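Residue-level structure breakdown
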Amino acid sequence: MKKIYLSLILVAFVSLLFVNCESDDEVIEEIEVVVPVDPISLEREEGGQDAINILTEEVYTSLTIELAYLEGNRPQQKSLDSLTVFINKRVNKSGGITYVETVLPSETMPSGVTLPYDKELEIEQQYRTQFRSETNLALWILMVDEVMLNEDGTNDDDTIGFVYSNTGMVLSIPNITSTAEGSPISGYDGVEASTLQHEFCHWLGIFGPRADALHEAGEHEGIGDDGDGTGHCKVPTCLMFYSSNNPLHGGCVSRFQSEFLVELDALCIADLQALGGK
Ligand SMILES: [Zn+2]
Ligand SMILES: [Zn+2]
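What follows is about the pairing of strand β6 (residues 136-144). Taking burial as the measure, the 9 residues of β6 include 8 buried ones, the bulk of the element. Pairing of strand β3 (residues 62-70) with β6, which is carried by 7 bridges, proceeds in the parallel orientation. In the strand pairing of β6, Ala-68 is matched with Leu-142. As defined by bridge partners, β6 adjoins strand β10 (residues 168-172) across 5 bridges and the pair is classed as parallel.

Structural data, given as structure tokens:
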């Protein structure tokens, strides 16, 4: 198993501080200040903000995907293989995809029952080892063996996974299991694989900040009961389809087949291509 290293790499930037000295001559003194930047701060943008960086290779020619999980909670190899196939189909990264695995100590999730709201940020802060470099973009996928909690402290039994930043994703294993149990034709692997791909598409900017310019809400994006855009596709056969009464963004589960499964529809593919994807 991979030993966990806390990244000691600090990116530094230089800023110029102008100090106005109180003298008759109004001398301006320039002092060079080196401010260390926590590398994780670059990974704290809104989900979808790095869509173009992931889809194209104008800046980043390769991807590193760091998987973080407790012993015994590694994602199924089938799910990872299908994720790789999916990424290569839509994303331009001639340098390829590398998986890095970080096994978390058991005290990371001591309750074994529920994951406090926003705890994923803390875990990432402490254990993430991979960050963007000049030509490589790093993504972080955290598997939690717990039901996540809503902001108000109630159980979030429905959310299987979500993208919480431009390069951060979390999946709840108990919710994958319960969703799979509720769907006789999709096993654990099917739900896990589809969720990974669905959430990856949020990183690719589908209905995220980068895609807003491509269409109006309602045109391609579904409209929720509250009248707002759902952030999901309105085409029922699409991987990004959403309906509020289904735990996995709607209806996808009933369509999962044993060999993965749900594709993007033509409109979502067109969105990715408009942002530089394949
Ligand atoms: Zn979604
Ligand atoms: Zn779609």
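Picking up where we left off.
This part takes up the packing of helix α4 (residues 173-181) against helix α5 (residues 188-203). As a packed pair, α4 and α5 sit with axes 8 Å apart at the nearest point and diverge in direction by 120°. Overall, the two elements α4 and α5 adopt an arrangement that is oblique. α5 is crossed by α4, and the crossing has right-handed handedness. Contact with α4, carried on its side by Ile-176, Thr-177, Thr-179 and Ala-180, involves Tyr-188, Val-191, Glu-192 and Thr-195 of α5 and no other residues of that element. Taken together, the residues of the contact of α4 with α5 sort by class into 4 nonpolar, 3 polar and 1 charged.

With that settled, consider the confidence of the model for the protein chain. When pLDDT is averaged along the protein chain, the result is 80; 78% of the residues meet or exceed 70. Low confidence marks residues 1-23, where pLDDT is under 50. Its contacts with residues over four positions away, or in another chain, come to 39 contacts. Contacts from residues 244-260, a stretch scored under 50 in pLDDT, to residues over four places away or in other chains number 47 contacts.

Attention now moves to the packing of helix α2 (residues 77-90) against α5. As a packed pair, α2 and α5 sit with axes 9 Å apart at the nearest point and diverge in direction by 30°. In terms of crossing hand, the pair formed by α2 and α5 is right-handed. On α5, the residues that touch Lys-78, Ser-79, Ser-82, Leu-83, Phe-86 and Ile-87 of α2 are Asp-189, Glu-192, Ala-193, Leu-196, Gln-197 and Phe-200. When its residues are assigned to classes, the contact of α2 with α5 shows 6 nonpolar, 3 polar and 3 charged.

What counts as what
Residues numbered from 1 in each chain as written. Chains lettered and ligands numbered in written order. Predicted model: local features only at pLDDT ≥ 70, side-chain atom pairs only at ≥ 80, totals over all residues. Buried ≥ 20, exposed ≤ 12 C-beta atoms within 10 Å, placed from the backbone. Helix = DSSP H or I, 4+ residues; strand = E, 2+ residues; numbered from the N terminus. Pairing = 2+ DSSP bridges. Axes fitted to C-alpha atoms, helices over the stretch in contact; angles between N-to-C directions. Parallel < 35°, antiparallel > 145°, perpendicular 65-115°, else oblique. Left-handed = near helix turned anticlockwise from the far one by under 90°. Contact = placed C-beta atoms within 7 Å. Nonpolar A, V, L, I, M, F, W, Y, C, P; charged D, E, K, R; others polar. pLDDT = per-residue confidence, 0-100.

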